Amino acid sequence: MAESAAPSSSKMPSEAPTSSSATKSEGPDPNLAPSVIVLGMAGSGKTSFVQRLTAHLHAKKTPPYVVNLDPAVRKVPYPVNIDIRDTVKYKQVMTEYGLGPNGAILTSLNLFCTRFDQVIDLVRARSSTVPLTIIDTPGQIEAFTWSASGTIITEALASSHPTVVVYVCDSARATAPATFMSNMLYACSILYRTKLPFFVVFNKADIVRPTFAQRWMTDFERFDEALEDARGGYSNDLARSLSLVLDEFYGGLKTVICSALTGEGMDEVLTAIGECSQQYRDQYIPLYAEIRAKKAEEAARKLKEEKDSKADDLTRDVQALDIGTVRDSDDESE
Ligand SMILES: Nc1nc2c(ncn2[C@@H]2O[C@H](COP(=O)(O)OP(=O)(O)OP(=O)(O)O)[C@@H](O)[C@H]2O)c(=O)[nH]1
């Protein structure tokens, strides 16, 4: 890792890790600086957004701590503190294990995540001197959001200190109602999967003003009209139904309009991060405590079941032994 703690990539884990040593047993510290996980579809502008937000914070003389989790990116255009590429060589992973691009990204993340506890330690150590930690993720969103290592990394951060998810949406592409709906479905699934405080950034506002998207989220009729204009047949019917389903999701959703190109909206992004960090303290920590208590209860129940079943086996063995002993002594007396 750039503040380097390097897991060796010479051995490929046979499958994705299933648990993390990164999970801090003592529970989250709400007073540490928040970590911001930046997600979004390929090309939505995640890296440009991280670059702009980093520059914005540098200009305010409060530089952030920055982590790059994209092993396949050729050039990182911002000052990075921890870079997955210093630890895992993506091209080497590809040739060594005969993998395609996506398999190599997943494997690189798996390798990195086995030592993510060291990243957490570094992030926590810097927490008193930086306003926030920004985490850039791989281009293919599913490599992070639907992988075991993505879940482990997210949970390791969330169980350590305030963690916020930012979903970057490409406003220019979202003008098509079906693409907009795909983005919203993705955003919604990430929210329900991570349960973390969350907001959507409508990026590339310099190309298209994303006020249309905000209107679609608050006024179903407007979205319906856009669907009529798009004339997409079955997919429009589907988008219409989904829009009604997503109504509740839209209701509690924070959105920010920004442009990573011009720098528009960066103060609003910082405000949203602040609000989400507070939401983490007020809502996620109690939820997390509840989840931990449930898990501990479940583990204790399983342990007791195992012990009881072993005790039953032992009793049966002893009984069988007794019967054998009685038979043996009967045989002897005969
Ligand atoms: N006009 C404009 N272009 C942008 C903006 N943000 C990003 N771009 C452009 O969009 C393209 C993709 O941006 P990236 O930052 O590489 O997007 P990404 O999501 O990190 O891409 P991958 O990680 O490769 O999926 C680049 O050509 C950027 O210059 C923006 O706010 N306005």
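Residues numbered from 1 in each chain as written. Predicted model: local features only at pLDDT ≥ 70, side-chain atom pairs only at ≥ 80, totals over all residues.

A few words on the overall build of the protein. Scanning the protein from N- to C-terminus turns up 13 helices and 7 strands. Counting only residues that meet the buried cut, the protein has 39% of its 334 residues in that class. Partitioning the contacts of the protein with sequence separation of at least 6, the portion at a separation of at least 24 is 81%. (Helix = DSSP H or I, 4+ residues; strand = E, 2+ residues; numbered from the N terminus. Buried ≥ 20, exposed ≤ 12 C-beta atoms within 10 Å, placed from the backbone. Contact = placed C-beta atoms within 7 Å.)

Here the focus is the sheet that holds strand β5 (residues 163–170). In any sheet, the strands associate via hydrogen bonds between backbone groups, in a parallel or an antiparallel arrangement. Read from one edge to the other, the open sheet built from 7 strands follows the order β3-β2-β4-β1-β5-β6-β7, with strand pairing classed as parallel. Both outer strands of the open sheet, β3 (82–83) and β7 (254–257), are each paired with one neighbouring strand and no more. Pairing between strand β2 (residues 65–68) and strand β4 (residues 133–136): 4 bridges, direction parallel. Across the sheet, the residue bridging to Val67 is Ile135, located in β4. (Pairing = 2+ DSSP bridges.)

Here the focus is unusual backbone geometry. Backbone geometry places Lys61, a non-glycine residue, at a positive phi of 65°. Along the chain, Lys61 turns up in the loop between α1 (46–59) and β2. Look at Lys61 and you get exposed, because 6 C-beta atoms sit within 10 Å. Phi is positive for Lys204, which is not a glycine, with a value near 65°. Here Lys204 is to be found in the loop between β6 (198–203) and α9 (211–218). The exposure class of Lys204 is buried, given the 25 C-beta atoms found within 10 Å.

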